[in-house]
Amino acid sequence: MIADGMAVLAGELGTGLLVVASVALVAESGLLIGVVLPGISVTVGLGVLAGTGTVPGVAAGLTAAVAGAAGPSLGYWRGRRGGPAALHSRRGMPAAAARVLQLAERRPVLAVALGQWFAVVRTLVPRVTCGVLPYHRFAAVSIPVASVWGLATFALGGLLTRGSATAARLVAAQQATAHLLLLALLLVVVGMLVRGLRRRRLGQPPDSPRPRTPAEAGRRRAGRASTSTGDRHA
């Protein structure tokens, strides 16, 4: 468990561990590399160390809350300054993934509030919603929700030190969900890469639409012909 590694670091760094934990938490939501960083493991680990007296409890809780809230804001501003176009373009994207992004853009406040509770999603939502939410609205939802997330997962760590089976199941469920979401993201990325390679083999630009089948081309010509006939009669 990551808490074991954090305990070793705490023995070497003392309260300096809180600085390392802060950087990891901010990076998890603020940088794209965050999709593979275990944010909840850090906050839970802080709770475990606080519960065993390895680090000061109040300072560790504040670290979980403040750093957890700062990460999404960093992700928001990085998205505003030129986030990856793939998060906003639908070309080459599997239909299911495109529908999820479209829903997030239509309900950005809900996406920010719910996305904070799921790994991988935590990293992507600020970049998806930065184009449709002004920062003051984003922050009004993200900062309190992320702070609660940080404190709640920190509290789970404290419960683990007391042998809570419920806390253990919740942490295990969160980690399993994170692995599934990461796998889904990897499948989307691989699918987009494969489609891009196929277009290059066909001599098309990466963002060009797929070639029409003969049936689709015939229907398009028929539609144009009927439109042209209607215009002449008019």
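Note: the structure precedes this text.
First things first, this report covers the structure right here in the doc. None of the values given here were measured: they were computed from a predicted structure. (Residues numbered from 1 in each chain as written. Predicted model: local features only at pLDDT ≥ 70, side-chain atom pairs only at ≥ 80, totals over all residues. Heavy atoms only, no water.)

**Overview of the overall build of the protein**
Helix and strand counts for the protein come out as 10 helices and 0 strands. Put simply, 73% of the contacts in the protein that link residues at least 6 apart link residues at least 24 apart. Total accessible area on the protein is roughly 13,000 Å²; 66% of this is exposed by carbon and sulfur atoms. (Helix = DSSP H or I, 4+ residues; strand = E, 2+ residues; numbered from the N terminus. Contact = heavy atoms within 4.5 Å. Areas by Shrake-Rupley, 256 points an atom, 1.4 Å probe, with all protein chains shown as cover.)

**Some words on the nonpolar core**
The biggest cluster of nonpolar side chains holds 20 residues, and the ones touching the most others in it are Val44, Leu46, Val55, Ala60 and Phe154. Of all hydrophobic cores here, the second largest spans 12 residues; its members include Leu101, Ala104, Val125 and Phe138. (Core = buried A, V, L, I, M, F, W, Y, C linked by side-chain atoms within 4.5 Å. Buried < 20%, exposed > 50% of the residue type's maximum accessible area, 1.4 Å probe, protein only.)

**Here we look at a nonpolar patch on the surface**
A surface patch of nonpolar side chains, amounting to about 320 Å² of accessible area, comprises Val58, Leu62 and Val66. Looking at the element boundaries, Val58 is found in helix α4 (residues 57-80). The exposure class of Val58 is exposed, given its relative accessible area of 66%. (Patch = residues over 30% accessible without salt bridge, like charges linked within 9 Å, V, L, I, M, F, W, Y side chains within 5 Å. Salt bridge = Lys/Arg side-chain N within 4 Å of Asp/Glu carboxyl O.)

**Examining the side chain of Arg122**
Among the structural elements, Arg122 can be located in helix α7 (residues 121-129). There is a polar contact of 2.7 Å between the side chain of Arg122 and the side chain of Glu28. With residues up to four places along the chain from it excluded, the contact list for Arg122 reads Glu28, Ser29, Gly39, Ile40, Gly115, Gln116, Trp117 and Trp149. (Polar contact = N/O pair within 3.5 Å; in protein donor to acceptor, adjacent residues only side chain to side chain.)

**Side note on helix α3 (residues 39-51)**
Helix length check: α3, at 13 residues, gives a terminal C-alpha distance of 19 Å against a target of 18 Å (1.5 Å per residue), a fit within 8%. Counting buried residues in α3 gives 12 out of 13 residues, a clear majority hidden from the surface. Within the span of α3, buried status applies to Gly39, Ile40, Ser41, Val42, Thr43, Val44, Gly45, Leu46, Gly47, Val48, Leu49 and Ala50. (Expected span 1.5 Å × (residues − 1).)

**Notes on the side chain of Thr43**
Structurally, Thr43 can be placed in helix α3. Within the structure, Thr43 has its side chain in polar contact with the backbone oxygen of Ile40 (distance 3.0 Å). In this structure Thr43 touches Leu25, Ala64, Trp149, Gly150, Thr153 and Phe154, once residues within four positions along its chain are discounted.

**What to know about the pattern of salt bridges**
Under the definition given, this model contains 1 salt bridge. Across the pair Arg122 and Glu28 runs a salt bridge whose closest N-O atoms are separated by 2.7 Å. One end of the pair, Arg122, is in helix α7; the other, Glu28, is in helix α2 (residues 17-30), with 94 residues separating them in the sequence.

**Here's the deal with the environment of Gly150**
Structurally, the position occupied by Gly150 is in helix α8 (residues 135-160). Expressed as a C-alpha distance, the spacing of Gly150 and Leu25, which sit 125 residues apart in the sequence, is 9.4 Å. Aside from chain neighbours lying at most four places away, what touches Gly150 is Thr43 and Ala64.

**Side note on the packing of α4 against α8**
At a minimum axis distance of 8 Å, the contact between α4 and α8 shows a crossing angle of 145 degrees. You can see that α4 and α8 cross each other, and the crossing is right-handed. Seen from α4, the contacting residues are Gly57, Ala60, Gly61, Ala64, Ala65, Gly68, Ala69, Pro72, Ser73, Tyr76 and Trp77; seen from α8, they are Tyr135, Phe138, Ser142, Ile143, Ala146, Ser147, Trp149, Gly150, Leu151 and Phe154. (Axes fitted to C-alpha atoms, helices over the stretch in contact; angles between N-to-C directions. Left-handed = near helix turned anticlockwise from the far one by under 90°.)

**Considerations on the packing of aromatic side chains**
What the rule picks out here adds up to 5 aromatic pairs. Aromatic side chains Trp77 and Tyr135 sit 5.1 Å apart centroid to centroid with 40 degrees between the ring planes, which places their arrangement in the tilted category. Taken together, the positions of Trp77 in helix α4 and Tyr135 in helix α8 put the pair 58 residues apart, joining distant regions of the chain. By way of ring pairs, the aromatic residues Tyr76, Trp77, Tyr135 and Phe138 are connected into one cluster. (Phe/Tyr/Trp six-rings, centres within 6.5 Å; stacked < 30°, edge-to-face > 60°.)

**A word on α4**
Structurally, the α-helix is built with 3.6 residues per turn, so residues lying three or four positions apart point the same way. Taking 1.5 Å of rise per residue, 24 residues should cover 34 Å, and α4 covers 35 Å from first to last C-alpha, within 8% of that figure. The positive-phi residue at the C-terminal boundary of α4 is Gly82, with phi of around 120 degrees.

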